[in-house]
Amino acid sequence: MNVAALARWCFRHRLVVLLLWVGTLFGLGFTASTAGTDYANVFSLPNTDSKTAYDLMEKAFPERAGDTDTVVWKTEDGSVRDEDVRSRLEPALEEIGRMDGVGEVASPYAGERGAAQISQDGRIAYAQITFREQANAIPKELIEDVVDTARAAERDGLQVELGGQAIARTQEPPAGTAELVGIVAAAVVLFLAFGSLFAMLLPLVVAIAGVGTGMLATMALSHVTNVPEVAPLLGSLIGLGVGIDYALFIVTRHRRGILRGAQPEDAAVTALNTSGRAVLFAGGTVCIALAGMLVMNLRFLDGVVIATSLTVVLSVLAAVTLLPALLGLLGMRVLSRRQRRKLAAAGPESEEASGLAARWSVTVQKRPRSIATLAVVIMAVLALPVLSIRLGATDQGNHQDSTTTRQAYDLLAEGFGPGVNGPLQVVVEGEAPASLVSGIESTEGVAQVAAVPPANGISVINVVPTTSPQSEETDALIDRLRDEVIPSAGVEAHVGGVTAVFKDFASVTGDRLPYFIATIIALGFLLLLVAFRSLVVPLTAALMNLIAAAASFGVLVAIFQWGWGTELLGIGKEGPITAFLPVIMLSLLFGLSMDYQVFLVSRMHEEWVHTRDNARAVRVGLAETSRVINCAALIMICVFSAFVLSGDMEGAMAGIGLAAAVALDAFILRTALVPAAMHMLGNSNWWLPVWLEKRLPHLAVEPREDAVEEPAAAEDGGTSVIHGFIRTADGDPVADASVTLLSKGGRQLDRVTSLADGSYILSVPAPGSYVLAATSSGHGSRARHVVVDGEPVVFDVELTEVSEGEVDAVN
């Protein structure tokens, strides 16, 4: 792909590009607003016991397809059967039953049928409201009318609460709250980094364009494929993060080019041809990591892959088309006023890295073992909680104490036992034998059993456990029913219900997770192997990704499963980690980690190709990239952390988990542990067997800005030489110095070691311009341009001795 030509076209035809993007946004917006959404929550799994039970129940009771919610009330004095309580609740329930969109209201005051809906002490009762649609399809106005009507029956001493999926929608913050907070936080970081309002706006506009088109396209796709309701939230989360980061990388390179004397158009083309290529590669790795979820063969995740991958692709497209158009509109205003004045007065700035990043890079080089040890200890401590991770499902018992859904959940548990919030259904084709019902009643962990008369040839036995849906005892009860009680009754039956579905989901996820992790690690390894032509770099990256994943899940377990800091963060009660979250988080984490690895190591690799000095390559690469990596990570942390405000427990888990992962990855792994390890490994970082080198395809992740064509071989096949001496400043010969001849494009052409008298001789394939690099232990490196016109060239190299703690003069 000719990225440079595309960038130049977008820069020059900026108004056309802007109109295309605006037209696309309005077109998708009109389509989405007209068609609406049709999100589906498909948590069931094929070939599982709970899925079979679900299919049979759907056949038995097709009219109960709508969402069922609950109204719960408690009286402080007397009984819920008292006339003063009934006179308030019965009219309210009748009014709710008459609302358009409500199918049925099961009242506790409806004779014997409703008696089971009143607690034994008579102080708590509940009514069930069955809507005609699923929760996400019910008009919000109807849900609010139901809530207002029920809550109007409250008085002193009479508490009325409501629970259920539809009711939970009334507690959600306004749409876009989390995204808006994340964007504002990112804007502050960008302004501090750039010092320019226009430069700050560029990554935000690009990210919003990518996420906006991605979300609108996902809304349209929900009509043609199963897209879960959580998919747009996860898509916007990853889209905002990568969209802002990708634009940040390109804008940073563009501004650097202008500050070094390039014209805005040339700087934009160069930025897109360098950082833009890295963005294309990074976006591709994120999509590949996301596609790794398909290995899990979970239908629920297919829609998540579609939504998140589509958003990432559109964010990359915005970065390589919309961004150069915006750069064309801004011109020199992409710099701050102070920078423009300085550029006019003092001319282009030096290319030498300096400041805190350069000093930190030198520190890592001087103390690699100490820094690596400290980083490993920190990550190991943070990873310890992951040993107790428990997968399951969150429910309304995890909501904040102040919400009506949590209050209703707790009232039901108080009046009817914790198991009433997660009843099980034992489903039998035909009539359920008495032996099965009695066997279930006598099973340990069962609080209540009610057999429903057969319908459409299907019998259902409702089982209320003695423990809550999230407890391990309830999981053990499901296993006892399946493995002992049902087989002993000699009948084919299946255990279903939401609790059983999530137990099966967690079990299947746990079984398939190792294959998923192996797949995305292998794909990442192959990509980095081809990109950097090294075995050690991709192995290091894979190990670092596993360390980052373990530590981030350790943080997740400590907060959401152990409850450390949940009150401070305002995210409700602790519980198990949502079963599908590890798959989604690992995909996103591996993709984002690859972004930082590519950005960091590509600069190191470029320096290594030109000097063959590993210490210098690692030091210079870290000094020149750590600042922008940390800035990008800080933006992602702001964006991800803001999703605590999404009102969705899964969104909050993903946000906190990814924010922790990015923070640890950027601030500890990529700027400390990775460079420290690469210093200790030395030249082994870039080792690749010759036979593999010949077979690997060539992939340029980020070509040099000043790339020059490789010299052609001489027509007559003749060669020339460069020879001379390697000496110190005092004229003493330097023996065993490594002398390398490179093409201007970075390809190694010849390599020798200087003799005892410091002499060397290199073979030159043809006339042209070359780079000659010399390095020796205890001396500074040297890299010089040499022009060969066909005759032998004499070229002496002077190396300066470097004392401990000093940096060589080349840097």
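Source: prediction; values computed, not measured.

Trainee: Explain the overall build of the chain to me, and be specific about the residues and the numbers.
Mentor: If you tally the helices and strands in the chain, you get 25 helices and 18 strands. Dimensions of the chain along its principal axes, counting C-alpha atoms only, are 110 × 55 × 45 Å. Burial statistics for the chain: of 811 residues in total, 55% are counted as buried. If you sum the accessible surface of the chain, you get close to 34,200 Å²; carbon and sulfur atoms cover 56% of it.

Trainee: Explain the pairing of strand β11 (residues 720–728) to me, using residue names and the numbers behind them.
Mentor: Note that β11 and strand β14 (residues 759–764) share six bridges and pair antiparallel. Each residue of the ladder has a partner; that of His 723, found in β14, is Ile 761. For β11 and strand β17 (residues 793–794), the ladder comprises two bridges, and the chain directions are parallel. Bridge pairing links His 723 to Val 794 in β17.

Trainee: Could you give an account of the sheet that holds strand β15 (residues 768–775), naming the residues involved and the relevant values?
Mentor: Within the open sheet, the four strands sit side by side as β13-β12-β15-β16. Their pairing is antiparallel. Edge positions in the open sheet fall to β13 (748–753) and β16 (782–788), since each of these has one partner strand only. Each strand axis lies, on average, 20° off the axis of its neighbour in the sheet, ignoring direction. Looking at chain direction, strand β12 (residues 738–743) and β15 are connected through six bridges and run antiparallel.

Trainee: So what's going on with the sheet that holds strand β4 (residues 158–163)? Residues and values would help.
Mentor: Whenever strands of a sheet pair, they do so through backbone hydrogen bonds, lying parallel or antiparallel. What the four strands build is an open sheet, ordered β2-β3-β1-β4; its pairing is antiparallel. Every other strand in the sheet has two partners, leaving β2 (102–106) and β4 as the edge strands with one partner each. Mean inter-strand twist for the sheet, computed between neighbouring axes without regard to direction, equals 20°. Taken together, the seven bridges between strand β1 (residues 68–75) and strand β3 (residues 124–131) define a ladder with antiparallel strand orientation. Counted as the bridge partner of Lys 74 is Ile 124 from β3. Where helix α6 (residues 140–151) meets the sheet, its contacts fall on β1, β2, β3 and β4, and the angle it forms with β4 comes to roughly 160°.

Trainee: Just give me the short version of the packing of helix α10 (residues 231–259) against helix α12 (residues 299–330), but keep the residues and values in it.
Mentor: In the contact formed by α10 and α12, the axes pass within 8 Å of each other and the chain directions differ by 25°. Classified by the interaxial angle, the pair formed by α10 and α12 is roughly parallel. Regarding α10 and α12, the two cross each other, and that crossing is right-handed. Two secondary-structure elements touch here, α10 through Ala 231, Leu 234, Gly 235, Ile 238, Gly 239, Val 242, Gly 243, Tyr 246, Ala 247, Ile 250, Val 251 and His 254 and α12 through Gly 303, Val 304, Ala 307, Thr 308, Thr 311, Val 312, Ser 315, Val 316, Ala 319, Leu 323 and Leu 327. Split into classes, the residues belonging to the contact of α10 with α12 amount to 15 nonpolar, eight polar and no charged.

Trainee: Describe a nonpolar patch on the surface, with residues and values.
Mentor: Taken together, the side chains of Leu 180, Val 184, Val 188, Phe 191, Leu 192, Leu 197, Phe 198, Leu 201 and Val 205 make up a nonpolar region of the molecular surface, amounting to roughly 830 Å² of accessible area. Of all the secondary structure elements, the ones that give two or more residues to the nonpolar patch are α8 (177–194) and α9 (197–221). By secondary structure assignment, the location of Val 205 is in helix α9. Overall, Val 205 belongs to the partly exposed group, its relative accessible area being 38%.

Trainee: Pulling in residues and values, what's your account of the nonpolar core?
Mentor: Residues Met 293, Leu 301, Phe 560, Tyr 596, Ile 635 and Phe 640 are the most contacted members of the largest nonpolar core, which totals 161 residues. No other element matches the 19 residues that helix α24 (residues 649–681) contributes to this core. Those residues in contact with Met 293, other than ones at most four positions away along the chain, are Leu 301, Val 304, Val 305, Phe 516, Val 583, Ile 584 and Ser 587. Counting 29 residues, the second largest nonpolar core, distinct from the first, contains Val 80, Val 102, Val 146 and Ala 150.

Trainee: Talk me through the side chain of Thr 308; I want residue IDs and the actual numbers.
Mentor: Structurally, Thr 308 can be placed in helix α12. Polar contacts involving the side chain of Thr 308 include one to the main-chain carbonyl oxygen of Val 305, which spans 3.4 Å. Once you skip the residues sitting within four places of it in the chain, Thr 308 turns out to touch Leu 234, Gly 235, Ile 238 and Leu 290.

Trainee: A description of a positive patch on the surface should follow, citing residues and the corresponding values.
Mentor: Side chains of Arg 337, Arg 338, Arg 341 and Lys 342 sit close together on the surface and give a patch of like positive charge. Relative to the elements of secondary structure, Lys 342 occurs in helix α13 (residues 337–346).

Trainee: Before we move on, can you summarise a negative patch on the surface with the specific residues and values?
Mentor: On the surface, Glu 95, Glu 141, Glu 144, Asp 145 and Asp 148 cluster together into a negatively charged patch. With four residues, α6 is the largest single contributor of residues to the negative patch. With respect to the helices and strands, the residue Glu 144 is situated in helix α6. Taking the relative accessible area as the measure of exposure, Glu 144 reaches 37% and is therefore partly exposed.

Trainee: Residues and numbers for the pattern of salt bridges, please.
Mentor: Tallied over the full model, the rule gives 18 salt bridges. A salt bridge links Glu 76 to Arg 123, with the nearest nitrogen and oxygen atoms 3.6 Å apart. Of this pair, Glu 76 sits in the loop between β1 and α4 (83–97) while Arg 123 sits in the loop between α5 (111–115) and β3; the two residues are 47 residues apart in sequence, bridging distant segments of the chain. Judged by relative accessible area, Glu 76 falls into the partly exposed class, the value being 42%. With its nearest N and O atoms 2.9 Å apart, the salt bridge here joins Asp 504 to Arg 482. Taken as a pair, Asp 504 in helix α19 (residues 498–532) and Arg 482 in helix α18 (residues 472–489) lie far apart in primary sequence, 22 residues in all. In terms of burial, Asp 504 and Arg 482 fall into one category: buried. Taken together, the shared-partner salt bridges connect Arg 8, Arg 12, Glu 265 and Asp 266 into one network.

Trainee: Explain the packing of aromatic side chains to me, using residue names and the numbers behind them.
Mentor: Enumeration over the complete set of coordinates arrives at four aromatic pairs. Aromatic pair Tyr 126 and Phe 416: ring centres 5.1 Å apart, planes at 90°, arrangement edge-to-face. Of this pair, Tyr 126 sits in strand β3 while Phe 416 sits in helix α16 (residues 404–416), placing them 290 residues apart in sequence. For Tyr 126, a relative accessible area of 14% corresponds to the buried category.

Conventions used here
- Residues numbered from 1 in each chain as written.
- Predicted model: local features only at pLDDT ≥ 70, side-chain atom pairs only at ≥ 80, totals over all residues.
- Heavy atoms only, no water.
- Helix = DSSP H or I, 4+ residues; strand = E, 2+ residues; numbered from the N terminus.
- Buried < 20%, exposed > 50% of the residue type's maximum accessible area, 1.4 Å probe, protein only.
- Areas by Shrake-Rupley, 256 points an atom, 1.4 Å probe, with all protein chains shown as cover.
- Pairing = 2+ DSSP bridges.
- Axes fitted to C-alpha atoms, helices over the stretch in contact; angles between N-to-C directions.
- Contact = heavy atoms within 4.5 Å.
- Parallel < 35°, antiparallel > 145°, perpendicular 65-115°, else oblique.
- Left-handed = near helix turned anticlockwise from the far one by under 90°.
- Nonpolar A, V, L, I, M, F, W, Y, C, P; charged D, E, K, R; others polar.
- Patch = residues over 30% accessible without salt bridge, like charges linked within 9 Å, V, L, I, M, F, W, Y side chains within 5 Å.
- Salt bridge = Lys/Arg side-chain N within 4 Å of Asp/Glu carboxyl O.
- Core = buried A, V, L, I, M, F, W, Y, C linked by side-chain atoms within 4.5 Å.
- Polar contact = N/O pair within 3.5 Å; in protein donor to acceptor, adjacent residues only side chain to side chain.
- Lys, Arg positive; Asp, Glu negative; His and termini not counted.
- Charge placed at Lys NZ, Arg CZ, Asp CG, Glu CD.
- Phe/Tyr/Trp six-rings, centres within 6.5 Å; stacked < 30°, edge-to-face > 60°.

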